[in-house]
Amino acid sequence: MVNDRGQLYTMEGVAAGVIMLLTAYIVVSTTSVYTAGDTHIPDMQLEQLGSDVLAMMDTPDRDGKESQLVGFVKMGTGGGNDLRDAFLNNSRMRAGDPDNDLHAQVFLSYRRSDGSVNTTELSPPSDPGFTGRENAVRVTRWVQLDGNPSGIPGLGYSPRPRAVLVEVLLWRA
Amino acid sequence: MAGMNEDGQWIVLMGLLAAVGLFFLALVINQSAIVGQTTAEGVIEFPKNDIRDLREAVFDYTDKFRTVPDSDETKKNVQKDIIAISLERKNAVVDFSVGGPQEISGRNLHPIEIRYNNGVTEYHETVYY
């Protein structure tokens, strides 16, 4: 005759195993939790990197000389992708990983004669992978010019000293 | 109830202790998920680079126009540029003014007043440049 006295022991054993596994999982995962704070850290670092690169490009080599960034902005859209390429090269200037995933898109904001502010792409053609939905950070830099940048639509004024804002979208893809 | 066996009491008590322990561990995990959220948001929200950049723009403006009278149309336009673009592209209300030179510690410096407000962060500075 078969009896089923062992069944209760088996169930108890299984339950104990589950409890032990659960406890081990909880204890281990308590020490390493991916928090909401961690997700922002790469964004923060990218923003700082971009900001530093723009600041560096806006620093003249010599006192009284024009900075690289001002030179690029003066060329306006005529410079093609020069500004973006220089920016990305500077961003990748570090040891180790060449960081080929880094992408950027450069825009220029300026005030028109009617007082409205317009934003235009400064380094056409745009990045082939750019959709506008990237998880990008935006870094900006004020640039002051003595005249009008070339190739910018709707500037309106006759050439005058003006302040324009260079905006760079920076993301990894 | 006489004659009842009480051997199971310890097991029940230990089970209760284990349950309470697990509850606390679960609480720790639950809370840890939001650790750093406010800090990170605060850091992202604070426009450190915007303010630094604005200061430099105002200093550039001062370098260029410090000898130009306030009524000059070009000078006004550059200031309007900075104010309008700040509002439009950075959602920040910005104003600044450059005063006449004053003698500070034997040097002629211009008092510059910079005001910045993006709704979350408010910044006001008077700097002698």
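What counts as what
Residues numbered from 1 in each chain as written. Chains lettered and ligands numbered in written order. Predicted model: local features only at pLDDT ≥ 70, side-chain atom pairs only at ≥ 80, totals over all residues. Heavy atoms only, no water. Helix = DSSP H or I, 4+ residues; strand = E, 2+ residues; numbered from the N terminus. Rg over C-alpha atoms; globule rule 2.2 N^0.38 Å. Buried < 20%, exposed > 50% of the residue type's maximum accessible area, 1.4 Å probe, protein only. Contact = heavy atoms within 4.5 Å. Areas by Shrake-Rupley, 256 points an atom, 1.4 Å probe, with all protein chains shown as cover. Pairing = 2+ DSSP bridges. Axes fitted to C-alpha atoms, helices over the stretch in contact; angles between N-to-C directions. Buried area = accessible area lost by both parts, 1.4 Å probe. Salt bridge = Lys/Arg side-chain N within 4 Å of Asp/Glu carboxyl O. Polar contact = N/O pair within 3.5 Å; in protein donor to acceptor, adjacent residues only side chain to side chain. Domains from an automatic or database assignment. Patch = residues over 30% accessible without salt bridge, like charges linked within 9 Å, V, L, I, M, F, W, Y side chains within 5 Å.

Regarding the overall build of chain A
From N to C terminus, chain A includes four helices and four strands. For chain A, the succession of helices and strands along the chain, N to C, is α-α-α-α-β-β-β-β. Computed over C-alpha atoms, the radius of gyration of chain A comes to 28 Å, more than 25% over the 16 Å expected from 2.2 N^0.38 for 173 residues, which places it beyond the range of a compact globule. Principal-axis analysis of the C-alpha atoms gives chain A an extent of 105 × 35 × 25 Å. Counting over 173 residues, chain A shows a buried share of 39%. Long-range pairs, those at least 24 residues apart, make up 64% of the contacts in chain A with a sequence separation of at least 6. Carbon and sulfur atoms make up 56% of the accessible area of chain A, which totals about 9700 Å².

Notes on the overall build of chain B
A tally of helices and strands in chain B yields four helices and five strands. Whereas a compact globule of 129 residues would reach a radius of gyration of roughly 14 Å, chain B reaches 31 Å, over 25% beyond that. With respect to the three principal axes, the spread of C-alpha positions in chain B is 105 × 35 × 20 Å. Classification of the 129 residues of chain B by burial places 26% in the buried group. Residue pairs in contact within chain B that sit at least 24 positions apart in sequence constitute 39% of those at least 6 positions apart. Only carbon and sulfur atoms are counted for the fraction: they give 57% of the accessible area of chain B, which is about 8500 Å².

A closer look at the sheet that holds strand β4 (residues 111–117) of chain B
Think of a sheet as strands paired side by side through backbone hydrogen bonds, with each pair either parallel or antiparallel. All names here are of chain B. Spatial strand order, β1-β4-β5: three strands in an open sheet with antiparallel pairing. With partners counted over all chains shown, the strands left at the sheet margins are β1 (93–98) and β5 (122–128), one partner each. Averaged over all pairs of adjacent strands, the angle between their axes in this sheet comes to 5°, without regard to strand direction. Examined bridge by bridge, β4 and β5 share seven bridges and lie antiparallel to one another. Residue I112 lies in a different strand from β5, and its bridge partner there is V127.

Structural notes on the interface of chain A and chain B
At the junction of the two partners, chain A supplies 35 residues and chain B supplies 35 residues. Taking both sides of the interface into account, the surface hidden between chain A and chain B amounts to around 3100 Å²; carbon and sulfur atoms contribute 58%. Area buried by chain A at its contact with chain B is led by A:R111, A:W142 and A:Q144, which between them contribute 24% of it. There are six salt bridges connecting chain A and chain B. Close ionic contact of B:D81 with A:R111 constitutes a salt bridge, the shortest N to O distance being 2.8 Å. In this structure, the connection of chain A to chain B is made through 17 residue pairs in polar contact (both at pLDDT 80 or more). Put simply, the parts of the chain that give the side of chain A that touches chain B at least two residues each are α1 (6–31), α2 (36–57), β1 (102–111), β2 (117–121), β3 (137–145) and β4 (162–172) of chain A.

Focus: the domain arrangement of chain B
Each assigned domain of chain B is listed with its residue range as follows: domain 1 (8–40) and domain 2 (47–128). Here the C-alpha centroids of domain 1 of chain B and domain 2 of chain B sit 54 Å apart.

Looking at the pattern of salt bridges
The tally for this structure, following the rule as stated, stands at 15 salt bridges over all chains. Taking the shortest distance from any N to any O, the salt bridge between B:D53 and A:R141 comes out at 3.8 Å. Of this pair, B:D53 sits in helix α3 (residues 48–65) while A:R141 sits in strand β3, which puts the two residues in different chains. Each of the two residues, B:D53 as well as A:R141, counts as buried.

Some details on a nonpolar patch on the surface
Residues and elements named next belong to chain B. Judged by side-chain polarity, W10, L13, M14, L16, L17, V20, F23, F24 and L27 come together as a nonpolar surface patch covering roughly 960 Å² of accessible area. Relative to the helices and strands, L17 resides in helix α1 (residues 8–32). On the basis of relative accessibility, which here comes to 53%, the residue L17 falls in the exposed class.

Regarding the side chain of A:R141
Among the residues examined, A:R141 registers a relative accessible area of 7% and is labelled buried. A polar side-chain atom of A:R141 sits 2.6 Å from a polar atom in the side chain of B:E56. With residues up to four places along the chain from it excluded, the contact list for A:R141 reads A:L54, A:A55, A:D58, A:L69, A:V164, A:L165, A:V166, B:D53 and B:E56.

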